[in-house]
Amino acid sequence: MSSERRRPYPFDQIEPKWQAIWDERQLFHAPNPGEKGFDSQKPKFFVLDMFPYPSGAGLHVGHPEGYTATDIIARYKRLRGFNVLHPMGWDAFGLPAEQYAIKTGQHPAITTRENVAKFKDQLKRIGFSYDWQREINTTDPTYYKWTQWIFLQIYNSWFNPETNRAEPISTYRGPDPDSVRLAYVADVAVNWCQELGTVLANEEVVDGKSEVGGFPVVRRPMRQWMLRITAYAERLLNELDHLDWPEGIKLHQRNWIGRSEGAEIDFKVASSRCVPTIRVFTTRPDTLYGGTFLVLAPEHSLVDLIVTEEQWPVVREYRERAALKSELERVDLSKEKTGVFTGAFAINPATNAKIPIWIADYVLLGYGTGAIGGVPAHDQRDLEFAKKFDLPIVVVVQPIGNEPAMGFTGEGIAVSSPIINGLTSAEAKKKITAWLEERGLGKRAINYKLRDWLFSRQRYWGEPFPIVWQAGKHRALNEQQLPLVPPLLDDYKPIGTGEPPLARAREWIRYSDEAVRETNTMPQWAGSCWYYLRFCDPHNDQRFVGEEAEHYWMGGNKPGGVDLYVGGTEHAVLHLLYARFWQKVLFDLGYVSKPEPFQRLVNQGIILGEDNQKMSKSRGNIVNPDDVIDQHGADAFRCYEMFMGPLEQMKPWSTRGVEGVARFLARVWRLLMTESQAGEWELSAKIKDVDATRPQQKLLHATIKKVTDDIESFSFNTAISQMMIFVNAFTSVEIIPLSTIRAFLILLNPFAPHISSELWEKLSRRFAELAEDITEQSWPAYDERLLVEDEVEIVVQINGKLRDRIKMPMAATEEELKTAALARPNIQERIAGKTVRNVIVVPKKLINIVV
RNA sequence: GCCGAUGUGGCGGAAUGGUAGACGCAACGGACUUAAAAUCCGUUGGGCCGUAAAGGGCCCGUGCCGGUUCGAGUCCGGCCAUCGGCACCA
């Protein structure tokens, strides 16, 4: 038996052939303005994939789903006469390469290089039309030089609340510029993971365990670099409105930013001279009369000053316990509320009542003012707390329905609140806030859930900070000292004390006799925050992106520069929020022309295994693209990925499904090719340079319309269906008109570029006037007039139920349709003896007789 | 708990408020073949009726219950289920 399985068409030969041709001719290279071959007459289209982390495992079938969609768009837009920027690169800093280095001592750069080569190879096999001249790698010093440079711009600026934008730090007039920089150092309670020897961002902690490895994570105060993303909260929120993103993702970002409007209210501390007031934030100032206690976060700085002598021991003990708790334990909802009394009292500014001040860990230091006014009657948490510790509960909001007022958290009517009695919650909020403002007791305030971005990592394989320390103060390197390259190490392990691995490089650290280098590195997000900009001008060594290139590729009249960005929902908040933040800083400082990076965002759904389960090694249901391509070819792989269903939807892989799509491509092949006695494929004699028949024209134009519309709306599955219908119809035809099949091949090209290129070439050998490559053609147009039918089938319904069909001329009037329908014997019979009450006529569609 | 998405044949999925199930898979039947594979042609939501045979006819059907409408998979209200995300944010 031959080990060579007979192939339905020779994809194994034509696919490598065309990939080599594309490479050689650099067909998909997009020249920049000013470069040779640049055509300024064409509009631009920037279509971007979320670039991958090149892991050792190689590509899985999920990656190429989005990549195929963007490749179809890219090829389609080129055929429609756009200058298309369609690049690919590597987000190559990251933990796996570093952990491999720790295990084997092999430098992560080597691992990275190998993995990148493997990924690139796999991508090339699928036939993507990337402009490989623009390939970038975040771990390349010529790339991260500019990541470090952007960090310096952030470090050297501050957010001016008056202008509502970032400005150079030199415009800051205050005493301590370090306190307002967009990049700053703070002692913060961080998520420390002993096992990984590093701190983690909140987003990297899942259920109190590290996202990578699942190791325990505890809170611990450490000196860290932070980026002041909170300064941009309002703009990050508002400027979402004009982006063409899925509503779900926008909502996700809005929730993450978490704007809430309310008031800050100052409570006088009774009998304390050193602490005049405690400020709390509330979204419900209208419930102030119901405030029967205050709660501070255990770490709140005023706690030390207000605790009474006799309460000190319990307070100290409670705080110690709270500090030891992991985030998981602290946030565990099922547990009961805890807290201790400080011994101190405050005065409720509305009631003038003396109310006790407690500390409890359900109040978070990082949100609002780290202190709350307890209104147990109208807040679930406060109610639990009050019940547990027997604190008074006062109802001050009356629900409008007949719900119980106790524990009612909705909006109602204010009661037992002299100043605002009888007002709705909304009115009451306004009035009480104004009342507080008049007396200097509080003011309107807005709070965000969004926290500043913890930007340092105790790792080796990341961008080193271009910062040195001298006499306890940090300062920036100057631009000429970039890139700052990390030193070679013998041992990549974290030191375990929280000191990063770079601390092992004694020589490297020593910057001068007095100054030492920062040893933290940047998180993996850093490189992906601006890579889309670098793609515009990847080889520029004077600037992170050339002005002209940035203006051209990021241009257009929308706020976002990238015309289409495709990737998974896992980046709904983090990457997409961070990139927007950097873009805005660069925009404010005048380095880029757009306030937003990505105008249109599309999320591809995940591909499940054949068993309808998430693909994973342990389930053994992973599908490797290489195997699929070996068996059925890259074109079949691409088309199947798109044929499975709507792009955004989650859907399971099916081996049978791939076979079906492969059969379709084989039918396309045999439509044009016949196999000779000798087993050679040659162009079919059925193809003739003749005019298409009327029905053939109709089908072709219907197909052009459907495929065009479906590509525009990302409905690739139905575009393929239509092409199948076309091919099915033409398989039984004796003579295939040349012009018809040419147009079809162009439609197919974005989906199945190899087979369509090959067949196009075969046609051009026979018919000399088709000398050019298929990629140089233009997208076919359709003629609406050809789609119009002369006769249509009209559905006849009685009371909305299908009862008959009649053929009628297109031009039939409503009257004619009505008469024809009522004349049908079938219909006559059914309406006999009944009164026709109404006849609804939808021209060209149906007639509904109501009896 | 809150937020979001999704529920259509044996399966993946199609359907501007107007013929539910396009296209593909699977299954079945046929052609070709010594045979198989491949290929080509046909049938295929469920139930029932009818006829010598064929064409045919009727009822039900898009998670469930209501509503709007001449007409609802599609719009509205209320449930249920599955999958994601967030989770003491005052």
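Residues numbered from 1 in each chain as written. Chains lettered and ligands numbered in written order. Predicted model: local features only at pLDDT ≥ 70, side-chain atom pairs only at ≥ 80, totals over all residues. Heavy atoms only, no water.

K.L.:
Is there a simple way to think about the overall build of chain A in this case?
P.N.:
Along the backbone of chain A there are 27 helices and 38 strands. Viewed in the frame of its principal axes, chain A has a C-alpha envelope of about 100 × 90 × 55 Å. When the 851 residues of chain A are sorted by exposure, 55% land in the buried category. Nonlocal contacts in chain A, meaning residues at least 24 apart in sequence, comprise 70% of its contacts between residues at least 6 apart. With the model as given, the accessible surface of chain A reaches about 38,000 Å², and the carbon-plus-sulfur share is 51%. (Helix = DSSP H or I, 4+ residues; strand = E, 2+ residues; numbered from the N terminus. Buried < 20%, exposed > 50% of the residue type's maximum accessible area, 1.4 Å probe, protein only. Contact = heavy atoms within 4.5 Å. Areas by Shrake-Rupley, 256 points an atom, 1.4 Å probe, with all protein chains shown as cover.)

K.L.:
What am I meant to see in the packing of aromatic side chains here?
P.N.:
For any pair of aromatic rings, the description consists of the separation of the ring centres together with the inter-plane angle of the planes. Following the criterion strictly, the structure yields 59 aromatic pairs and no others. Ring geometry for Phe637 and Trp653: centres 6.1 Å apart, planes at 40°, overall tilted. Placement of Phe637 in helix α19 (residues 634–643) and of Trp653 in the loop between β30 (651–652) and α20 (655–672) is noted, with a sequence separation of 16 residues between them. Like Trp653, Phe637 is buried. Here the guanidinium or amino end of Lys354 rests over the ring plane of Phe345, the centre of that ring lying 4.9 Å away. (Phe/Tyr/Trp six-rings, centres within 6.5 Å; stacked < 30°, edge-to-face > 60°. Lys NZ or Arg CZ within 6 Å of the ring centre and 35° of its normal.)

K.L.:
Whenever I open this one, the pattern of salt bridges confuses me. Can you help?
P.N.:
Close approach of charged atoms lets side chains of opposite charge pair. Across all of its chains, the model carries 49 salt bridges by this definition. Note that Arg25 is salt-bridged to Asp773, the shortest N-O span being 3.7 Å. Of this pair, Arg25 sits in helix α1 (residues 11–25) while Asp773 is found in the loop between α24 (753–766) and α25 (784–787), placing the two residues 748 residues apart along the sequence. Owing to a relative accessible area of 48%, Arg25 belongs among the partly exposed residues under this scheme. Since its relative accessible area comes to 9%, Asp773 is described here as buried. Notably, a salt bridge pairs Glu596 with Arg580, separated by 2.8 Å at the nearest N-O pair. Pair noted here: Glu596 is in strand β27 (residues 596–598) and Arg580 is in helix α17 (residues 574–588), with a separation of 16 residues, a long-range link. Of the two residues examined, Glu596 and Arg580, each falls in the buried class. (Salt bridge = Lys/Arg side-chain N within 4 Å of Asp/Glu carboxyl O.)

K.L.:
How should the protein's contact with RNA strand B be read in this particular structure?
P.N.:
Around RNA strand B, the structure places 49 residues, and the nearest of them are Thr283, Lys335, Arg381, Arg805 and Arg830. Close to the protein, within 4 Å, the atoms of RNA strand B are drawn from sugar and phosphate at a rate of 62%. In the model, a phosphate oxygen of RNA strand B is placed 2.6 Å from a nitrogen or oxygen of the Tyr367 side chain. The contact in question runs from a sugar or linking oxygen of RNA strand B to an N or O atom on the backbone of Met644, over 2.7 Å. At 6 residues, the largest contribution of residues to the surface near RNA strand B is made by helix α22 (residues 716–731). A breakdown of the residues in the surface near RNA strand B according to their chemical character gives 20 nonpolar, 12 polar and 17 charged. (Near = heavy atom within 4 Å. Polar contact = N/O pair within 3.5 Å; in protein donor to acceptor, adjacent residues only side chain to side chain. Nonpolar A, V, L, I, M, F, W, Y, C, P; charged D, E, K, R; others polar.)

K.L.:
Would you mind going over the sheet that holds strand β35 (residues 791–798) with me for this structure?
P.N.:
As a general point, the strands of a sheet are linked pairwise by backbone hydrogen bonds and lie either parallel or antiparallel. Spatial ordering of the open sheet is given by β36-β35-β38-β37, a layout of 4 strands whose pairing is mixed. Because the sheet does not close on itself, it has two edges, and the strands there are β36 (801–809) and β37 (838–842). Each adjacent strand pair in this sheet contributes to an overall mean axis angle of 20°, direction not counted. As paired strands, β37 and strand β38 (residues 846–850) are joined by 5 bridges and run antiparallel to one another. (Pairing = 2+ DSSP bridges. Axes fitted to C-alpha atoms, helices over the stretch in contact; angles between N-to-C directions.)

K.L.:
Sorry, what's going on with the packing of α22 against helix α23 (residues 738–748) here?
P.N.:
Describing two packed helices takes the angle between their axes plus the distance from one axis to the other. Close contact between α22 and α23 brings their axes to 11 Å; oriented N to C, the two are set at 150°. Taken together, the axes of α22 and α23 are roughly antiparallel relative to one another. The two elements α22 and α23 cross, and the hand of that crossing is left-handed. For the pair α22 and α23, contact is made by Met723, Phe726, Val727 and Phe730 and by Thr740, Ile741, Phe744, Leu747 and Leu748, respectively. Classifying every residue of the contact of α22 with α23 gives 8 nonpolar, 1 polar and no charged. (Parallel < 35°, antiparallel > 145°, perpendicular 65-115°, else oblique. Left-handed = near helix turned anticlockwise from the far one by under 90°.)

K.L.:
Please explain the sheet that holds strand β8 (residues 198–200) as it appears in this structure.
P.N.:
Judged by pairing direction, the sheet is antiparallel, and its 4 strands sit side by side in the order β8-β7-β11-β21 without closing on themselves. Edge positions in the open sheet fall to β8 and β21 (453–454), since each of these has one partner strand only. Strands β7 (183–193) and β11 (218–227) of the sheet are contacted by helix α5 (residues 141–155), whose axis makes an angle of about 90° with β11.

K.L.:
Would you explain α24 in this entry?
P.N.:
One turn of an α-helix holds 3.6 residues; hence residues three or four places apart share an orientation. For α24, built from 14 residues, the straight-helix expectation of 20 Å at 1.5 Å per residue is met to within 8% by its first-to-last C-alpha distance of 20 Å. Burial analysis of α24 places 11 of its 14 residues in the buried class, the great majority of the element. If you check which residues of α24 are buried, you get Pro753, His754, Ile755, Ser756, Ser757, Glu758, Leu759, Trp760, Glu761, Leu763 and Ser764. (Expected span 1.5 Å × (residues − 1).)

K.L.:
It is not clear to me how the domain arrangement of chain A should be interpreted in this structure. Could you clarify?
P.N.:
How big an interface is tends to be stated in terms of the accessible area lost upon association of its parts. Per the domain assignment, the segments of chain A are domain 1 (11–139 + 529–608), domain 2 (149–253 + 452–525), domain 3 (259–448), domain 4 (681–786) and domain 5 (789–850). Between the C-alpha centres of domain 3 and domain 4 the distance comes to 70 Å. (Domains from an automatic or database assignment.)

K.L.:
How should α22 be read in this particular structure?
P.N.:
For α22, with 16 residues, the first-to-last C-alpha span of 23 Å sits near the 22 Å given by 1.5 Å per residue. Every buried residue of α22 is listed here: Phe716, Asn717, Ala719, Ile720, Gln722, Met723, Met724, Phe726, Val727 and Phe730. Each element contacted by the buried residues of α22 is listed here: α2 (63–79), α19, α20, α21 (694–712), β34 (736–737) and α23.

K.L.:
What exactly am I supposed to notice about empty space enclosed by the protein here?
P.N.:
In this approach, a probe sized like a water molecule rolls over the atoms, and the result shows the empty space that is left. The final tally for this structure, using the stated rule, is 2 cavities of 30 Å³ or more. By volume, the largest cavity is sized at about 50 Å³. Surrounding the largest cavity, Phe93, Gly94, Leu95, Arg457, Arg459, Trp461, Gly462, Thr521, Met522, Pro523 and Gln524 form its lining. Split into classes, the residues belonging to the lining of the largest cavity amount to 5 nonpolar, 4 polar and 2 charged. Here the lining of the largest cavity spans two domains, since at least three of its residues come from each of domain 1 (11–139 + 529–608) and domain 2 (149–253 + 452–525). (1 Å grid on protein atoms, 1.4 Å probe; cavity = no way out; pocket = protein on both sides within 12 Å on 5 of 7 lines; lining within 4 Å. Points joined across faces, edges and corners; volume = space filled by probe spheres on them.)

K.L.:
How should I be thinking about the environment of Leu817 in this particular structure?
P.N.:
Topologically, Leu817 is positioned in helix α26 (residues 814–823). Sequence spacing of Leu817 and Ile847 is 30 residues, and the spatial spacing of their C-alpha atoms is 7.5 Å. Excluding its chain neighbours within four sequence positions, the residues that come into contact with Leu817 are Ile794, Ile806, Met808, Ala812, Val841, Pro843 and Ile847.

K.L.:
Could you clarify how one ought to interpret the nonpolar core in this entry?
P.N.:
Residues Phe151, Trp582 and Trp653 are the most contacted members of the largest nonpolar core, which totals 164 residues. Residues within four places of Phe151 in sequence aside, it is in contact with Ala183, Trp225, Leu227, Phe455, Phe465, Pro466, Ile467 and Met522. Core analysis: the next-biggest nonpolar cluster, separate from the first, contains 44 residues, Ile306, Val315, Ala346 and Leu441 among them. (Core = buried A, V, L, I, M, F, W, Y, C linked by side-chain atoms within 4.5 Å.)

K.L.:
Which parts of the structure should I look at to understand the packing of α19 against α22?
P.N.:
In the contact formed by α19 and α22, the axes pass within 7 Å of each other and the chain directions differ by 120°. Only Phe716, Asn717, Ile720, Ser721 and Met724 of α22 make contact with α19, whose side of the interface consists of Cys639, Met642 and Phe643. Counted by class, the contact of α19 with α22 contains 6 nonpolar, 2 polar and no charged residues.

K.L.:
Is there a simple way to explain the environment of Ala263 in this structure?
P.N.:
Assignment of secondary structure puts Ala263 in strand β12 (residues 259–269). Classification of Ala263 by relative accessible area gives buried; the value is 0%. Considered as a pair, Ala263 and Ala445 are 182 residues apart in the sequence and their alpha carbons are 4.6 Å apart. Not counting residues within four places of it along the chain, the set of residues in contact with Ala263 comprises Val280, Phe281, Thr282, Pro285, Thr433, Lys443, Arg444 and Ala445.

K.L.:
Sorry if this is basic, but what is going on with the side chain of Asp266 here?
P.N.:
Tracing the backbone shows Asp266 in strand β12. Among the polar contacts made by the side chain of Asp266, one reaches the side chain of Arg279 at a distance of 2.9 Å. Beyond its immediate chain neighbours, meaning those up to four positions away, Asp266 contacts Thr277, Ile278, Arg279, Pro349 and Leu441.

K.L.:
When you look at the pairing of β35 in this model, what are you seeing that I'm missing?
P.N.:
Regular strands show a simple pattern: their side chains alternate between the two faces of the sheet. Where β35 lies against β36, 8 bridges are found, and the strand directions are antiparallel. Paired with Val796 across the two strands is Asp804, which belongs to β36. Counted between consecutive antiparallel strands, the loop separating β35 from β36 contains 2 residues, among which Asn799 sits at a positive phi close to 50°. For β35 and β38, the ladder comprises 4 bridges, and the chain directions are parallel.

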